[in-house]
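Chain residues, written in single-letter form:
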Amino acid sequence: MSGQNRLLAILLSVLAVLVLAVGGLSAVLLLSGSDDNGGPTGVRTGSGNSGDGDGGSSATGRLRLASSDPVTLDPHLTTDATSAEYIVEIFSGLVTIDRDLNLQPDLAEAWDVSADGTVYTFTLREDIFFHTGRRVTADDVAYSINRATSRELQSTVARAFLGDIVGAREHIAGLADDVSGVEVIDERTIRFTLDAPKPFFLAKLTYPTAFVVDQQQIESNPRNWTRKPNGTGPYKLQEWRLGERIVLESNERFYLGEPPLAEVLYTLAGGSALTRFENDDLDVASISINDIDRARDPSSDIGPLYSSWPQFSVSYLAFTTDEPPFDDVNVRRALGLAIDRAKIAEVTFNNMLVPATGILAPGLPGFTPDDKTFPFDPDAAREALAASKYEVQDGRLVGEDGPLPMVITEVGGGAEAAIDTQAFLEQWRTELGLEIEIRQTDFATFLAEQDAGELQMFNGGWIMDYPDPEDILDLKFHSTSELNDLSYENPQVDALLEEARTELDSEVRLDLYREVEQLIVQDAAWLPLYFSQAHVVVNEAVEGWFEPEMVIPRLRFVEVNR
């Protein structure tokens with residue numbers, strides 16, 4: 001059987017499951033027919049109504065969703081999309097991103113920026129309260145920033161998102177008692193001083209690491225406060241039964257007005273979401289590859305309820321670039337040239353995903369439609385591999401010290417690798433003569449190993465945290481970034497990224513990022529695979545539902561007329 005036919009046989013024989021393991025936020029996107037989360041059962045945390053409200057709620061309606069347990073409900077520690085989905089509803093920060101992806105005031109009602117772009121002075125709203133009713137002050141904001149950047153907490157994202165504030169890096173390193181660039185002026189005024197003008201700073205404050213938490217609650221119950229977090233967001237955590245359900249209730253004190261939904265129920269287990277949707281147990285369900293043709297048919301029973309939404313996320317294959325044999329750019333390029341991403345997106349995923357044209361997704365500032373990725377070109381792949389410093393012997397790459405292991409890691413626990421990974425392995429075997437080992441691990445272990453830079457080669461992804469190319473190009477590829485989990489280093493890339501950080505002319509700045517993207521793709525530190533899309537059906541009783549391009553607060557825009 002020819003290599004191409006063997007590939008197509010693999011693509012057609014197994015249903016697709018795509019796992020996105022994301023650096024800033026992480027998510028698991030299932031295109032198969034089941035979304036059984038398989039979480040633990042019988043363990044309960046929190047129960048009953050919070051009893052914190054003062055009555056008189058005007059919210060009505062109950063929205064029923066499918067989800068899974070969060071990894072954490074501590075906003076200063078979160079790095080995964082599932083946790084963030086809850087956190088952005090329970091907590092809030094000084095600024096937020098609305099459904100049109102515009103920056104909007106949140107806890108702050110206004111801010112002023114100094115002429116040199118380094119000093120931000122925020123004025124807090126008068127009507128901001130924690131869920132328990134205590135008023136939020138500038139001291140709470142300062143405490144939260146200092147906690148997020150504390151050495152004791154060891155947040156893996158604090159430096160990336162708060163490191164622009166003067167003194168934050170010293171505080172993270174344990175060299176200072178607090179962040180010197182955070183100054184409380186009075187109860188409603190707080191000032192941040194940056195180390196340089198950063199045009200993306202406000203956008204960074206929309207990430208959960210900058211959210212406000214309750215010092216009194218944390219200090220009174222430091223180990224278990226997240227079981228009933230006292231936030232400031234539009235929803236309160238009413239109940240969390242591990243592996244079973246999470247219930248959010250509306251916050252009647254929310255400063256932008258009580259949200260219309262009285263309650264949001266997340267079911268954390270239960271098999272196929274679409275089956276539960278059709279049984280009227282869920283109001284929103286993701287569509288799998290099994291059902292996409294029926295959903296796309298406007299004459300089907302679910303066709304009128306179906307919609308698809310582009311996402312600011314990219315999946316990719318990544319390499320630890322200082323570990324043999326992936327320290328040779330020719331090896332990485334050869335692997336990229338030997339895979340047919342377009343065929344996989346079309347056949348395996350039934351066009352539910354879009355072949356990536358680069359790192360920046362459509363709609364992001366700096367995106368260009370021209371394809372910057374490696375084409376499927378087996379001859380060029382073999383030429384690149386021949387140009388490397390390694391030789392192919394018995395399916396292995398051999399260096400001066402002998403055969404080298406080649407292992408690709410992905411999230412999973414099944415008997416077989418994800419379907420697209422199987423296709424890649426087959427193409428590398430057929431076109432390059434390489435036998436690459438597959439390793440699967442659970443999601444939490446994968447994230448820990450990815451953060452520690454311990455994965456030689458992995459199937460991963462990135463969901464944007466805010467709509468700015470800095471959020472992916474600088475955070476993931478600058479050589480000194482803590483989120484650079486590839487040991488990737490290119491002095492030209494570093495110099496361009498550092499120039500873009502302080503460039504105030506938006507067009508010049510975006511051109512710098514476009515140049516950076518080209519360099520990174522050619523270095524093949526990442527092999528961009530697909531841009532994601534969300535495919536859902538929504539109950540007719542639900543009004544205002546939308547699938548945002550990235551994780552933002554959305555429940556307060558939704559109503560259920562039932």
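Our subject is the structure that appears above.
Remember, predicted model here, so these are calculated numbers, not experimental data. (Residues numbered from 1 in each chain as written. Predicted model: local features only at pLDDT ≥ 70, side-chain atom pairs only at ≥ 80, totals over all residues. Heavy atoms only, no water.)

Taking strand neighbours across the sheet as the criterion, the four strands line up as S7-S8-S10-S9 in an open arrangement whose pairing is antiparallel. Unpaired on one side and paired on the other, strand S7 (108-113) and strand S9 (182-186) mark the two borders of the sheet. Sheet twist, expressed as the average angle between the axes of neighbouring strands with direction ignored, equals 20°. The sheet contact formed by strand S8 (residues 119-124) and strand S10 (residues 189-193) spans five bridges and is antiparallel. Counted as the bridge partner of Val 119 is Thr 193 from S10. (Pairing = 2+ DSSP bridges. Helix = DSSP H or I, 4+ residues; strand = E, 2+ residues; numbered from the N terminus. Axes fitted to C-alpha atoms, helices over the stretch in contact; angles between N-to-C directions.)

Direction vectors running N to C along helix H15 (residues 470-477) and helix H16 (residues 491-502) enclose 135°, while the axes themselves pass 10 Å from each other. Considering their axes alone, H15 and H16 lie oblique with respect to each other. Between H15 and H16 the crossing geometry is left-handed. Taken together, the residues of H16 that come into contact with H15 (itself represented by Leu 473, Asp 474 and Phe 477) are Val 493, Asp 494, Leu 497 and Arg 501. Counted by class, the contact of H15 with H16 contains four nonpolar, no polar and three charged residues. (Parallel < 35°, antiparallel > 145°, perpendicular 65-115°, else oblique. Left-handed = near helix turned anticlockwise from the far one by under 90°. Contact = heavy atoms within 4.5 Å. Nonpolar A, V, L, I, M, F, W, Y, C, P; charged D, E, K, R; others polar.)

Where charged atoms from two side chains of opposite charge approach closely, those side chains can pair. Enumeration over the complete set of coordinates arrives at 34 salt bridges. The salt bridge partner of Asp 214 is Arg 134, with a shortest N-O separation of 2.7 Å. Within this pair, whereas Asp 214 is found in the loop between helix H6 (201-204) and helix H7 (215-220), its partner Arg 134 is found in the loop between S8 and helix H3 (138-148), the two being separated by 80 residues in sequence. Between Asp 164 and Lys 204 there is a salt bridge, with the nearest N and O atoms lying 3.1 Å from each other. With Asp 164 in the loop between helix H4 (158-162) and helix H5 (168-172) and Lys 204 in helix H6, this pair connects stretches of sequence that are 40 residues apart. Comparing Asp 164 with Lys 204 shows no difference in burial state: the two are buried. Each member of the salt-bridge network shares a partner with another, and the members are Asp 164, Asp 195, Lys 198, Lys 204 and Glu 470. (Salt bridge = Lys/Arg side-chain N within 4 Å of Asp/Glu carboxyl O. Buried < 20%, exposed > 50% of the residue type's maximum accessible area, 1.4 Å probe, protein only.)

Attention now goes to the environment of Ile 87. Relative to the helices and strands, Ile 87 resides in helix H2 (residues 81-90). For Ile 87, the contacting residues outside a window of four places in its chain are Thr 72, Leu 73, Asp 74, Pro 75, Thr 78, Pro 208 and Phe 211.

What follows deals with helix H10 (residues 329-337). What H10 keeps buried is the set Val 331, Arg 332, Ala 334, Leu 335, Gly 336 and Leu 337. Two or three places before Asn 330, at the opening of H10, Asp 328 has a side-chain oxygen 2.8 Å from that residue's backbone nitrogen. (Polar contact = N/O pair within 3.5 Å; in protein donor to acceptor, adjacent residues only side chain to side chain.)

A few words now on the pairing of S9. Pairing geometry for S9 and S10, over four bridges, is antiparallel. Bridge pairing links Glu 183 to Arg 191 in S10. With antiparallel pairing between neighbouring strands as the criterion, S9 and S10 make up a hairpin whose turn holds two residues.

We now examine H2. The element H2 is largely enclosed, with a buried count of nine among its ten residues. Buried within H2 are the following residues: Ala 81, Thr 82, Ser 83, Ala 84, Tyr 86, Ile 87, Val 88, Glu 89 and Ile 90. A side-chain oxygen of the first residue of H2 lies 3.4 Å from the backbone nitrogen of Thr 82; this N-cap is Asp 80.

Strand pairing in a sheet is mediated by backbone hydrogen bonds. Such pairs are either parallel or antiparallel. Sheet architecture is open: three strands sit in the order S17-S18-S19, paired in antiparallel fashion. Both outer strands of the open sheet, strand S17 (391-393) and strand S19 (402-404), are each paired with one neighbouring strand and no more. When the angles between neighbouring strand axes are averaged without regard to direction, this sheet yields 50°. Summarising the sheet, S17 and strand S18 (residues 396-399) pair through three bridges and their orientation is antiparallel. In the sheet register, Val 392 faces S18, and the bridge partner there is Leu 397.

Turning our eyes to something else, we now look at the packing of aromatic side chains. Overall, the coordinates contain 19 aromatic pairs when judged by the stated rule. Residues Phe 192 and Phe 201 carry aromatic rings whose centres are separated by 6.2 Å and whose planes lie at 85° to one another, so their mutual orientation is edge-to-face. Residue classification places Phe 192 among the buried residues on the basis of a relative accessible area of 0%. With a relative accessible area of 0%, Phe 201 lands in the buried category. Linked through ring pairs, Tyr 316, Phe 446, Phe 458, Phe 477, Tyr 488 and Trp 526 together constitute an aromatic cluster. Lying across the ring of Phe 557, Arg 99 places its NZ or CZ 6.0 Å from the centre. (Phe/Tyr/Trp six-rings, centres within 6.5 Å; stacked < 30°, edge-to-face > 60°. Lys NZ or Arg CZ within 6 Å of the ring centre and 35° of its normal.)

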